[in-house]
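Observations on chain architecture
Listed here are the chains, written in short residue letters.
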Amino acid sequence: MIHTEELGRIIFGCGNFGGLGSSPTLRDKGDDRDRALALLDHARGIGLTRFDTANTYGGGVSEIVLGEWLQAQDQDFRSRIQIATKVGNPHGCPPGERPLSRSQIAHHLDQSLQRLGLDRISLYYLHEFDPLTPLDETLEALDRALAQGKIAAFGVSNATIADLKAVLALTGGALRAAFTHIQNQFNLLEQGDLEDVIPLAHAEGIRYVAFSPLAGGLLSGKYREGRSPDPGTRVSDAPEMYGQYLTAPTFEAIAGLRLRATQSGWTVPGAALRFILDTPGVDSLIIAPRSVEQFEGYGVRSPSGF
């Protein structure tokens, strides 16, 4: 169960709108507009105020739907929420261009602002690091966006300890103050950041955001050892991403999670989220439920049970 005072640590992820993440091959597997809008309404109803998307989720559909929904909300709510989006995923980069070049960031930032219907983005992430573009060029583009008032803060995603150290070494002044978040995969099966990334981020005052808290649904408890994933599940739709986890150690970890959930009176996914929230140095996590029932299964609900 997520406690009421912890709702601010739960971010609603819009990565399933119009497709599953950024992959063009999974565009037909995502949530359609009507389902996406209903999920956003429910997220607001239970008190969530942080929303995460990317310029490449669903080929841009995610930002479009989120922007449509935002335009329908009252000004008071819009003034209190955080909207995060991203730039730099290779799927959004035309052939011959560099994903995090000065020109690509400027172009995609304006596109994101237009799709979202915003004058300024609360939190702008570098989605992936670009080995083709010098980091100082990328940071210069973010510094310019900050000075122009187009972003309020920036973060990095899918970052190694070396990436984090490199950004810290090259930022200063207003840009360093605007470097506020890091978003990486962290869950019961992926705990590598405990050794270095999380401690350094914490020491530097950078908030650590965990994505994929259920490891693509593996930690929901619905998968069983020796049985193929059901059609339509994320593991079935994207075996290249999640097939590596279908191992004996994974199912041993899931069995332990199931036992903890039973002993505590939680659901299995609720126990998986609890593990992350109880990890020192983790600020928040991203959930991406595809139904109201999944919100309930995660233990994410309002005090009134909305």
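Rules of the game
Residues numbered from 1 in each chain as written. Predicted model: local features only at pLDDT ≥ 70, side-chain atom pairs only at ≥ 80, totals over all residues. Heavy atoms only, no water. Axes fitted to C-alpha atoms, helices over the stretch in contact; angles between N-to-C directions. Helix = DSSP H or I, 4+ residues; strand = E, 2+ residues; numbered from the N terminus. Parallel < 35°, antiparallel > 145°, perpendicular 65-115°, else oblique. Contact = heavy atoms within 4.5 Å. Nonpolar A, V, L, I, M, F, W, Y, C, P; charged D, E, K, R; others polar. Expected span 1.5 Å × (residues − 1). Buried < 20%, exposed > 50% of the residue type's maximum accessible area, 1.4 Å probe, protein only. Arc of directions from axis to C-beta. Salt bridge = Lys/Arg side-chain N within 4 Å of Asp/Glu carboxyl O. Left-handed = near helix turned anticlockwise from the far one by under 90°.

1. Observations concerning the packing of helix α11 (residues 248-264) against helix α12 (residues 268-277)
Running from N to C, α11 and α12 cross one another at 100°; their axes reach a closest spacing of 8 Å. As far as their axial angle goes, α12 and α11 are roughly perpendicular. On the side of α11, the interface is formed by Leu257, Arg258, Arg260 and Ala261, while α12 contributes Val268, Ala271, Ala272, Arg274 and Phe275. Taken together, the residues of the contact of α11 with α12 break down into six nonpolar, no polar and three charged.

2. Observations regarding α11
With 17 residues, α11 ought to run about 24 Å at 1.5 Å a step, and its terminal C-alpha atoms sit 24 Å apart, in line with that. Burial in α11 covers these residues: Thr250, Phe251, Ile254, Leu257 and Ala261. On an axial view of α11, the arc spanned by its buried residues comes to 115°, and they lie on one face. The outward face of α11, more than 90 degrees from its buried face, is lined by the exposed residues Pro249, Glu252, Thr262 and Gln263.

3. Description of the pattern of salt bridges
Tallying each qualifying case throughout the model produces 17 salt bridges. The salt bridge involving Asp76 is made with Arg80; its shortest N-O contact spans 3.2 Å. A residue pair is termed a helical-turn pair when its members lie 3 or 4 positions apart in one helix, as Asp76 and Arg80 do in helix α3 (residues 75-80) at four residues. Judged by relative accessible area, Asp76 falls into the partly exposed class, the value being 48%. Taking the relative accessible area as the measure of exposure, Arg80 reaches 47% and is therefore partly exposed. Two residues, Glu204 and Arg176, come together in a salt bridge whose shortest N-O distance is 3.3 Å. Taken as a pair, Glu204 in the loop between α8 (197-203) and β7 (207-211) and Arg176 in helix α7 (residues 173-178) lie far apart in primary sequence, 28 residues in all. Three or more residues joined by partner-sharing salt bridges are found here, namely Glu6, Arg9, Arg260, Arg274 and Asp278.

4. Remarks on the packing of helix α4 (residues 102-116) against helix α5 (residues 135-147)
A pair of packed helices can be characterised by two numbers: the angle between their axes and the separation between those axes. Contact geometry of α4 with α5 gives a least axis separation of 8 Å together with a crossing angle of 35°. The handedness of the crossing between α4 and α5 is right-handed. Listed contacts from α5 to Arg102, Ile105 and Leu109 of α4 are Glu137, Thr138, Glu140, Ala141 and Ala145. Tallied by class, the residues present in the contact of α4 with α5 amount to four nonpolar, one polar and three charged.

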